[in-house]
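Structural overview for review
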Amino acid sequence: MIDLSGEPGSVALRLDMLRAFEEKTKVDWRETATVFRGLNAARHLLGKCDEQGIGSLADLQVDVYAAMVEDLATGWSEATLQTFKVHIRSLLLVAPNLPIRTAWFVGTRTGGRRGESDRAAYTRDEFLALADAAQRVVSQAHRRITRAYADAFVGSTLPAWRDLPAGSEDRRKRLLWLLLTDSERPTYAVYKRDLGSPSVTDLRYPDANSWYMFKHWFLLTAREASAAATLLTCREGYNTSTIDRLTVADRSVGVGDPDSEFFAVLNDKARRTSNRYFTSIHEDSNDDIEDPEEAAHEVGSATLRTGRVFRLLHEATDPARHHASARGLATTTLLIYGSPGPAITKTSGHSQRSLMQGLMSGVPDQYRDGGWIPTGLHLDFQMLHRTYQVVIERAPTHNTRNTHTRAYLAKNPEARAQADATARDGFTQSVATAHQRMALRISAEAEVSAEVNSGLKDTATVACADITHHPVTGTICRDNFLMCLACTNAIATARHVPRLALLHGALEDLRSTMTSTAWEQWRDDYLRLHAFLVNEVRLDQDGIREAAQRATRADRLNVSRVLEGALDVDQ
């Protein structure tokens, strides 16, 4: 139960915050620790609002909120500050009464986790350079681990290591099997003599250096795991939380082609309330590469298909799962790597989880700036994920189209500019088409009858040459007055322009309050009206606004009644 009665702030302010908590705990704040951190963040926000005299979230303006967030930075560590920002932002995004402009500002991420950039996205060349470098690291790790794993299985059939000649290939393979299964523990001196010294040892743990030997031969390092996560993001657009939950793919899926293998990958989007789980199918094939084995390991060959990437990672982490099973832990987690030291059993960070002593899973935060990253670049998974969405793929990836547009395209300047240009081109074309099909044209007063000039022929929008004879039915006209712009009987002079300009503005206001589906019933009427004012009367937006200001009280009443449907024949 969440109780804010003893916290600072007005009753209305605390009620707004309680409703936000209600929404979050219904959707994705299910762990007590998460709610506790959110409660701490809410207390500080309530205190800041109280200091500023803000009585409810409806009074929280952008400049005040920005100043509050800036003020939080004083006296807090970077990690604590980021936790506060994330939880305050999460609460405000679902809170009632927050002003629209403030909600937009809160929804636009400013800053991120340690080491993340303020840039919206990588360039295409930077993205491909990271993908290429990551593939190189993963391919080399795969070759190292799979060769040792194959040798270990050969060693499983050989006699005891003591019965094999020192320094022989057979003894090396037998010792690899012992390392893998932890079934016997020769001294580190034996391992060092017959397997060679690993690249990393630790004098603090003299009795555990055999673990470093095991890690050297059979485990991804944290550096290689970060490269693997990068490669998955570059191939599929995953975010880190999805990579954390990836499991070993089902390799039994096939379509009858003996030369191809298919991987069925279960995707887990934990923040979704529906359709959380879905399966994607990836073919393990590199038909466009002359030598697939060469492509798997050659430097500078960022050409592997997603199915081949899953195969490489599956095979590179098989020994880790085998070793865990030998020690009593069965796991299907895909991304497993060796912890920095054998004594580490717990770790902090948003995505790291300790499977067991010495084995980690998930995306290793602290190795995001590993030495494999191309010169001049840094690794930012959030930016990498965003780049895939808005630069590389430019289509919904593991998201609905609405989420893709709102959360990615709308926040990327280049994508937004391109979308705006596309929308303008589409609107211009639609207006041109509407103008071609529009019957109404602007007429000079000298070209029309005295009845039209006097207003006797006026309708609620323009004038009508003969309202008793519809040009199609031949009977009295019963159409909505917005259809006058498509009618050959319609007549418009300069006297009608203010009324039509007012109607144009009213339709624009109406459009801003509707979904695209609801707007469809008004769309054609709006396009015809816009085409008339812009292409016939030759008004720009300022001209349309100035004309609308000249509309009379009667014009305003007519426009209101037309949009309400009060003048329709069936009313």
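Preceding block: the structure.
So, how was this worked out
- Residues numbered from 1 in each chain as written.
- Predicted model: local features only at pLDDT ≥ 70, side-chain atom pairs only at ≥ 80, totals over all residues.
- Heavy atoms only, no water.
- Helix = DSSP H or I, 4+ residues; strand = E, 2+ residues; numbered from the N terminus.
- Buried < 20%, exposed > 50% of the residue type's maximum accessible area, 1.4 Å probe, protein only.
- Expected span 1.5 Å × (residues − 1).
- Patch = residues over 30% accessible without salt bridge, like charges linked within 9 Å, V, L, I, M, F, W, Y side chains within 5 Å.
- Areas by Shrake-Rupley, 256 points an atom, 1.4 Å probe, with all protein chains shown as cover.
- Salt bridge = Lys/Arg side-chain N within 4 Å of Asp/Glu carboxyl O.
- Core = buried A, V, L, I, M, F, W, Y, C linked by side-chain atoms within 4.5 Å.
- Contact = heavy atoms within 4.5 Å.
- Arc of directions from axis to C-beta.
- Polar contact = N/O pair within 3.5 Å; in protein donor to acceptor, adjacent residues only side chain to side chain.
- Phe/Tyr/Trp six-rings, centres within 6.5 Å; stacked < 30°, edge-to-face > 60°.

Among the secondary structure elements, Ser325 is positioned in helix α13 (residues 306-326). The class of Ser325 is partly exposed, set by a relative accessible area of 45%. Remark: the alpha-carbon pair of Ser325 and Thr181, spanning 144 residues in sequence, is separated by 8.6 Å.

Below, the discussion takes up helix α7 (residues 169-181). With 13 residues, α7 should cover 18 Å at 1.5 Å per step; its first-to-last C-alpha distance of 19 Å lies within 8% of that length. Restricting attention to buried positions, one finds in α7 the residues Arg171, Arg172, Lys173, Arg174, Leu175, Leu176, Trp177, Leu178, Leu179, Leu180 and Thr181. Asp182 occupies a position one or two residues after α7 and carries a positive phi of about 55°.

This part is about a nonpolar patch on the surface. A cluster of nonpolar residues, Val11, Leu15 and Leu18, forms a patch on the protein surface that exposes about 230 Å² of accessible area. Looking at the secondary structure, you find Val11 in helix α1 (residues 11-27). Since its relative accessible area comes to 55%, Val11 is described here as exposed.

Counting 43 residues, the largest nonpolar core has Leu232, Phe310 and Trp372 as its most contacted members. Elements with a contribution of two residues or more to this core: α6 (124-155), α10 (222-236), β2 (261-268), α13 and α14 (381-392). Tallying contributions element by element places α6 first for this core, with nine residues. Non-local contacts of Trp372, meaning those with residues more than four positions away in its chain, are made with Leu130, Ala133, Ala134, Val137, Arg223, Ser226, Ala227, Thr230 and Leu379. Core analysis: the second largest hydrophobic core is formed by 28 residues, Ala460, Ala492, Leu507 and Leu533 among them.

Turning to helix α20 (residues 541-549), a few remarks are in order. Listing the buried residues of α20 in full gives Gly543, Ile544, Ala547 and Ala548. Taken down its axis, α20 places every buried residue within 135° of arc, on the same side. Residues of α20 that are buried in the fold lie against α18 (497-511), α19 (516-536) and α21 (553-564). Near the N-terminus of α20, the side chain that reaches the backbone nitrogen of Asp542, with its oxygen 3.2 Å away, is that of Asp540.

Below, the discussion takes up the packing of aromatic side chains. Counting across every chain of the model gives four aromatic pairs. Taken together, a centroid distance of 5.6 Å and an interplanar angle of 35° make the contact between Phe214 and Phe218 tilted. Taken together, the residues span about one helical turn, with Phe214 and Phe218 both in helix α9 (residues 209-218) at a distance of four residues. Both residues of the pair, Phe214 and Phe218, count as buried. Taken together, a centroid distance of 5.7 Å and an interplanar angle of 65° make the contact between Trp519 and Tyr526 edge-to-face. Take Trp519 and Tyr526: they sit in the same class, and that class is buried. A network of ring pairs unites the aromatic residues Tyr149, Phe153 and Trp177 as a single cluster.

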